[in-house]
Amino acid sequence: MDFYELDLNDLVLDALDDMNFTETTPIQEHSIPPILEGHDVLGVAQTGTGKTAAYLLPVLSMLQDGGYPSNAINCIIMSPTRELAQQIDQAMQGFSYYLPNVSSVAVYGGNDGIRYEQEKKSMQTGADIIIATPGRLISHISLGNVDLSQVSFFILDEADRMLDMGFSEDIMQIANLLPKDRQTILFSATMPDKIQQLAKTIMNNPVEVKLAVSKPAENIKQSAFICYEVQKLGIIKHLFSQEKPEKVIIFTGSKIKTKELAIALIRAGYNARAMHSDLSQNERDEVMYLFRSEKIDILVATDIVARGIDIDDIQLVINYDVPHDEEDYVHRIGRTARAGRNGKAITLVNEKDQPDFKQIERFLEKDIDKETIPEELGEGPEYRKHKNSGKGPRTKNKERKQDKKVSRRHNSRNTKEAIAHDQSIASAQGKEMSVTTDEEVVTNTESRKPRKPYRRNSKKHVVNSDKQNRASSSATAEQSTGKQADQASVAESTSAANNSEQKTDKRRKTKKRHYWKKKSNNGADNKDNAEG
C-alpha cells in the first residue's frame, strides 16, 4: 500500500517523500488506519518491520491537524533502552521536519546535570511528545517536573523487553497518572502471557494486529559449535585467525560475561569494546559511534543491541550464549544480512544450552550445520537431540531415578561378571574361592540384633564396672596360680580403685547438685525481672 492511500497529514507526506518512503510495511498498513480512527492498538511484530513509523506517523498527523492543548504534554512514548529512545527521537526529527507546531524531547538517564535541566525545562514548557525510559520519567514525576493530566496518547514500544527488564511496576505507576480516556498503543515483538495481562489492564478494547515472527533471511549462513564452556574463547580466536574480524557483534547472556570477554579479546590483540547497561550514556554513545564508523572491529554486547538498533554492514554475529527463546535468536542474527546483503551467524552451544538450541531448530524447521571444533581445543560434548526441552521438575526427577536404577543394575552386572572372572581364575589354579552373594549379605544384615540405645550417663558406669571386673578377674587368676605373696598387693590395688571410684562419684554428684541449684536461682531472678 502507498502512504498516499492513508489519511495522513500533507506535511507528514512531504517529509516521507524527502526520505524516499513510498510503500508501507505490513505492520504500518494494518496499524495506521485504526490509530487514526482513535482505537487502542496492540501490535505484534518483530524488530525491523517499521513499528516506529507505524505509531509516529498517525500521531504526528493528528497533532498537526489540531484539537489538542498547545502548552501541555500530549503524547508519552516509553522505550526500554536509551539507544532505542535516541533512535525514536531521530525518526521523530525526520518525520516532523515540516511540522512547526509539534515539539518533542527525549528523556533518558546517564546524562549530566545540564541535560537534566534541559529535559526539565522542555517538559515544564509543554513539549508535545515525550520519548522516555521508565526510570528517568519516574524520576521527573517524583520531583514534580512533569504534568501528565492532559496526555492523549500513551505508547509502549518493545513492551515485552520492558517487562523482561523489570519495568512493569514503573509502567503501571505512569499509567495510573494518565487520563482514563487516553488512546493507548502497545507494540511488542512477542506475545507472552504477561503482555496480554498488561493489555487487559491498561487498554480499552484494542485492535490487535499480529504478524507472525518471520524466519531469518535466507542469505544468513547459520552454523553452530557444540562445545564446552571453556572452549568458547578458543573457538572465537580460531575463527578470527582464519578471517580478520570486521563489523562483528558477539552477544552474551550477562553483563559480567560481556566485560570479561571484551577484556580477553583486547588482551589477545583484537580491537574490541563492550556494550552494556553499566556504561554511562556518553560512554555508550562513544562505543556506538566508534563501531558505526568502523574504528572498532568487534562489539561485545548484551541484548541491548539486539532490538531496535539499526547498524548496517554487520558481517558476522556470534551468539556466545544461546538465547532462551527463538524470537531473541531471530532478533540477534537479524543484525546481519540487512538490505539484501550476505551475513554469517555462529552459535556456541554448551551442554546446558542444548535444549534451548534444539527448540530454536524446531522453530526454524531445519537443522543448523554443526562445525568441527579445532583439534588443539580437544573434543566437545555429544549433541543430544532432546525430544522435549520443556520438561518439568517431576519429569526430570523421574529421569534421574531411572538413571540411578540403570546405574545400579549396571554396577551389579559388572560385580557379578568380576566374581565370575575371579572364580574362573581360581579354578584354573586349582584353588577354591568362597563367594558371598548379595542375598546372603542381606540375610546376614537382617539377622543381626539391633544395638541398644546409646546412653551418656550409663557409659561411665559400664566403663567403671569393666575396670572392676578386669581387676577382680586378674586377682582370681593370680590366686589360682598359688602366688600368695601378691594377694595383699592385689587387694590394696582393688581397694584403691574402689576408693578413687567413690571419690569420682562424690565429685560428680556435688557438681551436678551445684549446677541445678545455680540454674534454679537464675530462673527465679529472671522471673523477678519479668515481673518488675
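The structure displayed is predicted, hence computed values, not measured ones.

Asks: Quick question: what am I supposed to make of the overall build of the protein here?
Replies: Scanning the protein from terminus to terminus reveals 18 helices and 14 strands. The buried share of the protein, taken over its 532 residues, is 41%. By sequence separation, contacts in the protein at least 24 residues apart represent 76% of the contacts at least 6 residues apart.

Asks: Got a minute to help me understand the packing of helix 8 (residues 168-176) against helix 9 (residues 193-202) in this structure?
Replies: For any two helices packed against each other, the geometry is given by the interaxial angle and the distance between the axes. For the pair helix 8 and helix 9, the least separation of the axes is 11 Å and the interaxial angle reads 15°. One element, helix 8, and the other, helix 9, form an angle in the roughly parallel class. The crossing of helix 8 and helix 9 is right-handed. Of the residues in helix 9, those touching helix 8 at Ile-171, Met-172 and Ala-175 are Leu-198, Thr-201 and Ile-202. When the residues that make up the contact of helix 8 with helix 9 are grouped by side-chain class, the tally is five nonpolar, one polar and no charged.

Asks: How should I be thinking about the nonpolar core in this particular structure?
Replies: Across soluble globular proteins, nonpolar side chains show a tendency to be buried alongside one another. One finds Tyr-55, Leu-57, Ile-77 and Ile-129 to be the most contacted residues of the largest nonpolar core, which totals 39 residues. Of all elements in the fold, only helix 1 (10-18), helix 2 (26-36), helix 3 (51-65), strand 2 (75-78), helix 4 (82-95), strand 4 (129-132), strand 5 (153-156) and strand 6 (183-188) reach the threshold of two or more residues within this core. Counting residues per element, this core draws most heavily on helix 3, at nine residues. The residues contacting Tyr-55, other than those within four sequence positions of it, are Ile-35, Ile-77, Ile-88, Ile-155, Asp-157, Ile-185 and Phe-187. Core analysis: the second largest hydrophobic core is formed by 32 residues, Val-105, Leu-148, Ile-174 and Leu-198 among them.

Asks: In this structure, what is going on with the packing of aromatic side chains? I would like to understand it.
Replies: In this description, a pair of aromatic rings is defined by centroid distance and the angle of the planes. Across all of its chains, the model carries six aromatic pairs by this definition. Seen in terms of ring centroids, Tyr-97 and Tyr-98 are 5.0 Å apart; in terms of plane orientation they differ by 90°. Their pairing is edge-to-face. When its relative accessible area of 33% is taken as the criterion, Tyr-98 is described as partly exposed. Between Phe-240 and Tyr-270, the ring centres sit 5.3 Å apart and the planes meet at 65°, which makes this aromatic pair edge-to-face. Of this pair, Phe-240 sits in helix 10 (residues 232-242) while Tyr-270 is found in the loop between helix 11 (255-267) and strand 10 (272-275), placing the two residues 30 residues apart along the sequence. Note on Phe-240: relative accessible area 5%, which makes it buried. Geometry around Tyr-320 places Lys-232 over its ring, the cationic atom sitting 5.1 Å from the centre.

Asks: What exactly am I supposed to notice about the pattern of salt bridges here?
Replies: Charged atoms that come close allow side chains of opposite charge to pair. Following the criterion strictly, the structure yields 17 salt bridges and no others. Notably, a salt bridge pairs Glu-158 with Lys-51, separated by 3.8 Å at the nearest N-O pair. Taken as a pair, Glu-158 in the loop between strand 5 and helix 7 (159-164) and Lys-51 in helix 3 lie far apart in primary sequence, 107 residues in all. We classify Glu-158 as buried; its relative accessible area is 3%. A relative accessible area of 5% means that Lys-51 is categorised as buried. One salt bridge in this structure joins Lys-257 and Asp-321, with 3.0 Å as the shortest N-O distance. Here Asp-321 lies in the loop between strand 12 (316-319) and helix 13 (326-333) and Lys-257 lies in helix 11, a separation of 64 residues in the sequence. On the basis of relative accessibility, which here comes to 7%, the residue Asp-321 falls in the buried class. Within the structure, one salt-bridge network assembled from shared partners comprises Glu-229, Lys-232, Lys-257 and Asp-321.

Asks: Got a minute to help me understand the pairing of strand 4 in this structure?
Replies: Regular strands place side chains that alternate from one sheet face to the opposite one. The alternating pattern of strand 4 places Ile-129 and Ile-131 and Ile-130 and Ala-132 on opposite faces, both of which are buried. Relative to strand 4, strand 2 is paired through four bridges, and the arrangement is parallel. If you follow Ile-77 over to strand 4, its bridge partner there is Ile-131. The pairing of strand 3 (residues 104-107) with strand 4 spans four bridges and is classified as parallel. Looking across to strand 4, one finds that Val-105 is bridged to Ile-130. Chirality of the crossover, the property in question, places the unit of strand 3, helix 5 (residues 113-124) and strand 4 among those that are right-handed.

Conventions used here
Residues numbered from 1 in each chain as written. Predicted model: local features only at pLDDT ≥ 70, side-chain atom pairs only at ≥ 80, totals over all residues. Heavy atoms only, no water. Helix = DSSP H or I, 4+ residues; strand = E, 2+ residues; numbered from the N terminus. Buried < 20%, exposed > 50% of the residue type's maximum accessible area, 1.4 Å probe, protein only. Contact = heavy atoms within 4.5 Å. Axes fitted to C-alpha atoms, helices over the stretch in contact; angles between N-to-C directions. Parallel < 35°, antiparallel > 145°, perpendicular 65-115°, else oblique. Left-handed = near helix turned anticlockwise from the far one by under 90°. Nonpolar A, V, L, I, M, F, W, Y, C, P; charged D, E, K, R; others polar. Core = buried A, V, L, I, M, F, W, Y, C linked by side-chain atoms within 4.5 Å. Phe/Tyr/Trp six-rings, centres within 6.5 Å; stacked < 30°, edge-to-face > 60°. Lys NZ or Arg CZ within 6 Å of the ring centre and 35° of its normal. Salt bridge = Lys/Arg side-chain N within 4 Å of Asp/Glu carboxyl O. Pairing = 2+ DSSP bridges. Right-handed = clockwise from strand over helix to strand, strands pointing away.

Such coordinate-based values are descriptive only and should not be taken to indicate function.
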